[in-house]
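Listed below are the residues making up each chain.
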Amino acid sequence: MNTFGVKLRLTTFGESHGKAIGGVIDGLPAGIKIDEEFLQSELDKRRPGKNKFSTPRDEADKLEIFSGIFEGFSTGTPIGFAIFNQNQKSNDYENLKNIFRPGHADFTYFKKFKIRDYKGGGRSSARETAVRVVGGAFSALLLNEFGIKVQSGVLKVGNILADDIDFELARKSEIFSLGKEEAMKDEILKAKQTHDSVGACVFTKASGVPAGLGEVLYDKLDARLAYAIMGINGVKAIEIGEGVNASCMFGSQNNDQMDESGFLTNHSGGILGGISNSNDIILKSHFKPTPSIFKSQKTTNLENQNVEFELRGRHDPCIGIRGSVVVTAMVRIVLADMLLLNATSNLDNLTKIYN
């Protein structure tokens, strides 16, 4: 599937080494002030080639919008946009024509589609996530109208765990670190210098979310968030609230008790019964190490013969770094979609609209 969302839908297109990547956003309400500088600034956070902690592939990632905006405001019609690729080095992948890279989607995409797009992984490349960042930025313009804010940062790199949650530090940090920035940087560079890669954990908080968002039973808010985040390249696990810790707790410890002022704790991560409860929504997204490493590896080729190869090209030593920007985007898209869906959930809401 190349389309995400129900009421607010994002469709993406393009390949890593194609002419462009892009998307269509359908369902964004009319009348939203479109801040193109903000949209570009969000895309710039994910842009490759910025520093030694990401891939050297140097793309300008200039956003071009083709439709759906009139005199600076959304028109309620589909918003089409593209990001043109300018710095591909397809020759770096010539030695991969007939082999499957370990840890990548090469093998499974070939088994499914019977086509081997070896140039940067084609559609399976994380290059596509730049489009999701744009979709998330448009969603943020809607969420801003209701005081909903989504923030992410890198909580852990390898075994280096931040001892605090400092979003102000993450905003300024080259690697979006929430704490222990220098130790995290050292861990990334150590992996890079040994031609290896390292995993990471991203912490996300959504604040200002009203109670009531989430479509019960089969489209719960936590289920949709998990679906959205697990769809990001390299994510292997997601935790909401206490996450895996909840399996080690008693009910008396995990329950969020209440008084007249609201919930006394937030073990649930802001979601109960698949519906937001007005507490902060708390998420942890776990990224695997980048599968593109510059060590000799064993694999098979299209003829199912054993081969040994060494990778060339330009790759992130830690995909969780730029992945944190993508997590923010996907959470924004989910919340914006759920906000629109909730508008018709009961008669009171409809009465407010039509009276």
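Note that the coordinates shown come from a computational prediction; the quantities given were computed from them, not determined experimentally.

### A short note on the overall build of the chain
Stage number 1. Regarding its fold elements, the chain presents nine helices and 18 strands.
Stage number 2. Taken against the 2.2 N^0.38 rule, which gives 20 Å for 355 residues, the C-alpha radius of gyration of the chain at 21 Å falls within 12% of a compact globule.
Stage number 3. For the C-alpha atoms alone, the extent of the chain along its principal axes is close to 65 × 50 × 40 Å.
Stage number 4. By the burial criterion, 48% of the 355 residues in the chain qualify as buried.
Stage number 5. A separation threshold of at least 6 residues defines the contact pool for the chain, and within that pool the share at least 24 residues apart is 69%.
Stage number 6. Here the chain has roughly 17,200 Å² of accessible surface; of this, 51% comes from carbon and sulfur atoms.
Stage number 7. Computed over 43 positive and 43 negative side-chain charges, the inter-centroid distance for the chain is 6 Å.

### Re the UniProt feature "binding site: NADP(+)" (unreviewed entry) in the chain
Stage number 1. In the numbering used here, UniProt assigns the feature "binding site: NADP(+)" (unreviewed entry) to R46 and K52.
Stage number 2. Positionally, R46 belongs in helix α1 (residues 36-46).
Stage number 3. Here R46 falls in the buried class, since its relative accessible area comes to 3%.
Stage number 4. Once residues lying within four places of it in the same chain are set aside, the contact partners of R46 are D61, A126, R127, T129, A130, V133, R322, V325 and V326.
Stage number 5. A distance of 3.0 Å separates a polar atom in the side chain of R46 from a polar atom in the side chain of T129.
Stage number 6. On the secondary structure map, K52 appears in the loop between α1 and β4 (63-65).
Stage number 7. When residues no more than four places from it in sequence are discounted, the contact partners of K52 are L189 and K192.

### A short note on the pairing of strand β17 (residues 297-300)
Stage number 1. Residue alternation in β17 divides its side chains into a buried set, Q297 and T299, and an unburied set, K298 and T300.
Stage number 2. The pairing of β17 with strand β18 (residues 306-309) spans four bridges and is antiparallel. Residue pairing across strands places T300 opposite N306, the latter belonging to β18.

### Quick look at the nonpolar core
The nonpolar side chains of a soluble globular protein tend to be buried, and buried together.
Stage number 1. Core analysis: the largest hydrophobic core is formed by 75 residues, its most contacted members being F138, I281 and L335.
Stage number 2. In this view, F138 contacts I25, L28, I34, L39, I65, I69 and I79; residues no more than four positions away in its chain are not counted.

### Observations regarding the packing of α1 against helix α8 (residues 319-342)
The packing of two helices is summarised by the inter-axis angle and the distance between the axes.
Stage number 1. Two elements in contact, α1 and α8, have axes whose closest approach is 7 Å; the angle formed by their N-to-C orientations is 140 degrees. One element, α1, and the other, α8, form an angle in the oblique class. Within the contact between the two elements, α1 uses F38, E42, K45 and R46 and α8 uses R322, V325, V326 and R332.
Stage number 2. Of the residues in the contact of α1 with α8, the class split is three nonpolar, no polar and five charged.

### Comments concerning the UniProt feature "binding site: FMN" (unreviewed entry) in the chain
Stage number 1. When the UniProt feature table is mapped onto this chain numbering, "binding site: FMN" (unreviewed entry) sits at R123, S124, S125, N233, G234, G273, K288, P289, T290, P291, S292 and R314. A maximum C-alpha distance of 43.7 Å among these annotated residues, which run over 192 residues, shows that they spread across the structure rather than meeting at one spot.
Stage number 2. Following the sequence through the fold, G234 ends up in the loop between α6 (221-230) and β11 (235-240).
Stage number 3. Apart from residues lying up to four places away in sequence, G234 is in contact with H286, F287, K288 and I319.
Stage number 4. Take K288: it is sitting in the loop between β16 (281-287) and β17.
Stage number 5. Among the residues examined, K288 registers a relative accessible area of 25% and is labelled partly exposed.
Stage number 6. In this structure K288 touches G103, G199, G234, K236 and I319, once residues within four positions along its chain are discounted.
Stage number 7. A polar atom in the side chain of K288 sits 2.9 Å from the backbone oxygen of G103.

Procedures and definitions
- Residues numbered from 1 in each chain as written.
- Predicted model: local features only at pLDDT ≥ 70, side-chain atom pairs only at ≥ 80, totals over all residues.
- Heavy atoms only, no water.
- Helix = DSSP H or I, 4+ residues; strand = E, 2+ residues; numbered from the N terminus.
- Rg over C-alpha atoms; globule rule 2.2 N^0.38 Å.
- Buried < 20%, exposed > 50% of the residue type's maximum accessible area, 1.4 Å probe, protein only.
- Contact = heavy atoms within 4.5 Å.
- Areas by Shrake-Rupley, 256 points an atom, 1.4 Å probe, with all protein chains shown as cover.
- Lys, Arg positive; Asp, Glu negative; His and termini not counted.
- Charge placed at Lys NZ, Arg CZ, Asp CG, Glu CD.
- UniProt positions renumbered as here; feature names shortened; annotations may be inferred.
- Polar contact = N/O pair within 3.5 Å; in protein donor to acceptor, adjacent residues only side chain to side chain.
- Pairing = 2+ DSSP bridges.
- Core = buried A, V, L, I, M, F, W, Y, C linked by side-chain atoms within 4.5 Å.
- Axes fitted to C-alpha atoms, helices over the stretch in contact; angles between N-to-C directions.
- Parallel < 35°, antiparallel > 145°, perpendicular 65-115°, else oblique.
- Nonpolar A, V, L, I, M, F, W, Y, C, P; charged D, E, K, R; others polar.

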